[in-house]
Amino acid sequence: MNKKKIIHGFGFDIVHGCQLRCVGCPNSTLKPKIKFVSLEDFEICLGHVDVDMIRIFRLFNFGEALLHPDVPGILALIPKFNFHVDVVEVSTNAQHHNLPMLEEVFKTGILDRLVVSCDGNALPEEYERLRPPAKWEKLIEFLKKASEYKKKYGLDINLITRTICETEEGRRRWLDLLEPMGWKPRFRNWMNYPEAKEHRSSTILKVKNKACIYLELPTLYVDYDGTVIPCCFHPRARVLGNLKAKRYSEIENGAKRKEFIQDLKRDRINNPICGQCEVRSLKWYKMEKNVNNIINSMGLNEYKNRILSHLKKRKHIPDFPVL
C-alpha cells in the first residue's frame, strides 16, 4: 500500500503585499506593491500540487488576502482537485471592507477558518499604534459582520484572532470584547521576523548552522506569481522554483532546495535573512520542555494535552510555529 503524500502547511499568497505597515512585520521595511494572482494562474499552480492531502491550506503568507478582487472564485477552485484539505484558512487584518464579497466568501461553504490579526491591549490607541494606518472602528465593524454572516448561513467556520498582547489585563480585555461576538482569541508573544523595521521579541537569537523546521517537513509556500519560497517568515528568503512551471514534488526534491539546505548547514549564522530568524529545527520543537515553553508563550495552555498527544502520534508540529 502506497503511503499518502502529505503537505503539512501550504501557504499561498493570493495577494502580494499589504496596505498596513505593522510593527514587527517585514512589509514595514520592504513595502511591496499590491499584486494578486489570477484565477487562471492559481488553478495552474494547484494542478501542480501532486499530493494526497494538505493539512492546513492558508491563502496568505505576508499579503492581505481580502484585497483580492475575487476571493470566492479562488476558494471555489480548491475542491476541483484530487487532494484532500483538512483546513482552509484565510487571514486578514480586517481593514479592507468589501462586505458583499466577504458574505460571498462565507456562502461558498469552503472556508473552515477565518483569522483576524489584531495586536495590542484591546484599546484603540495601542491597536492603531502597532498596526498603522489601521482604524479600531473598522476592526470592530469587520468582527461583527463576519460573526453575523456565520450565524446567517449556519456555518461551522472557526472565527479566530491571532493577537500579540503582553499583559494579563489586556488579554482579559480582548476576551471580554471578542467572545460575545463569537470570536476566539489565540494570544502569542512577539517573534523576530527578519528585515522587520522593529523587533520587540525578548527571545535571544540562538541560530545554529542547520536547516529549520520548514525545510525538514513537507511544506509549501508560494507567492502570487507562483514563486516557491522556503517559509512564511520572510517573503523571499530564497527562490526554490515556480509552481506554475513545475510540480510540487519536483521542487521539493529539486536542486535549488537541496542547495539551500546545504547552505544553511554550512553557514546559516551569517545568512542575512535566516541568520536573523528564531525558527529552529524539528528536533528542538519536539523536545517536551521546549514545547511547554511555546505553549505558554502562545497562550495555548488549554490545548496542552492535545498538542503533546499529537506530537507522540505524528512527526510534525500542530500550528506552531505557524506552518
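As a reminder, the structure under discussion sits directly above these lines.
All values derive from a computational prediction rather than experimental measurement.

**Looking at the side chain of His 16**
Turning to step 1, where the next piece is worked out: Along the polypeptide, His 16 turns up in strand E2 (residues 15-16).
Turning to step 2, where the next piece is worked out: If near-sequence neighbours (up to four positions away) are discounted, His 16 is found in contact with Pro 32, Lys 33, Ile 34, Lys 35, Asp 223 and Tyr 224.

**Observations regarding the pattern of salt bridges**
Turning to step 1, where the next piece is worked out: Scanning the entire structure with this criterion turns up 18 salt bridges.
Turning to step 2, where the next piece is worked out: Lys 244 is the salt-bridge partner of Asp 41, the closest N and O atoms lying 3.5 Å from each other. Of the two residues, Asp 41 is situated in helix H2 (residues 39-47) and Lys 244 in the loop between strand E11 (241-242) and helix H9 (248-252); the sequence distance between them amounts to 203 residues.
Turning to step 3, where the next piece is worked out: In this structure Lys 244 comes out as partly exposed when scored by relative accessible area, which is 32%.

**Regarding the packing of helix H6 (residues 136-152) against helix H7 (residues 168-178)**
Turning to step 1, where the next piece is worked out: One way to put it is that H6 packs onto H7 with a least axis distance of 12 Å and a crossing angle of 50°. On the basis of the axis angle, H6 is oblique to H7. In this structure, H6 contributes Trp 136, Leu 139, Ile 140 and Leu 143 to the contact, and H7 contributes Trp 174, Leu 177 and Leu 178.
Turning to step 2, where the next piece is worked out: Considered class by class, the residues forming the contact of H6 with H7 number seven nonpolar, no polar and no charged.

**A look at the environment of Ile 74**
Turning to step 1, where the next piece is worked out: Among the structural elements, Ile 74 can be located in helix H3 (residues 71-77).
Turning to step 2, where the next piece is worked out: Remark: the alpha-carbon pair of Ile 74 and Leu 59, spanning 15 residues in sequence, is separated by 9.0 Å.
Turning to step 3, where the next piece is worked out: With residues near it in sequence (within four places) discarded, Ile 74 still touches Ile 14, Val 37, Leu 39, Phe 42, Leu 59 and His 68.

**Structural notes on unusual backbone geometry**
Of all residues except glycine, most have a negative phi; of all peptide bonds, most are trans.
Turning to step 1, where the next piece is worked out: Cis peptide bonds are those with omega within 30 degrees of zero, and the linkage from Pro 132 to Pro 133 qualifies with 0°.
Turning to step 2, where the next piece is worked out: Following the sequence through the fold, Pro 133 ends up in the loop between helix H5 (124-130) and H6.
Turning to step 3, where the next piece is worked out: One non-glycine residue, Lys 31, lies in the positive phi region at around 50°.
Turning to step 4, where the next piece is worked out: Of note, Lys 31 is situated in the loop between helix H1 (27-30) and strand E3 (35-36).
Turning to step 5, where the next piece is worked out: By relative accessible area, Lys 31 is classed as exposed at 53%.
Turning to step 6, where the next piece is worked out: One non-glycine residue, Ala 122, lies in the positive phi region at around 70°.
Turning to step 7, where the next piece is worked out: Tracing the chain through its elements places Ala 122 in the loop between strand E6 (113-117) and H5.
Turning to step 8, where the next piece is worked out: Ala 122 gets classed as buried once you look at its relative accessible area, which sits at 7%.

Calculation criteria
Residues numbered from 1 in each chain as written. Predicted model: local features only at pLDDT ≥ 70, side-chain atom pairs only at ≥ 80, totals over all residues. Heavy atoms only, no water. Helix = DSSP H or I, 4+ residues; strand = E, 2+ residues; numbered from the N terminus. Contact = heavy atoms within 4.5 Å. Salt bridge = Lys/Arg side-chain N within 4 Å of Asp/Glu carboxyl O. Buried < 20%, exposed > 50% of the residue type's maximum accessible area, 1.4 Å probe, protein only. Axes fitted to C-alpha atoms, helices over the stretch in contact; angles between N-to-C directions. Parallel < 35°, antiparallel > 145°, perpendicular 65-115°, else oblique. Nonpolar A, V, L, I, M, F, W, Y, C, P; charged D, E, K, R; others polar.

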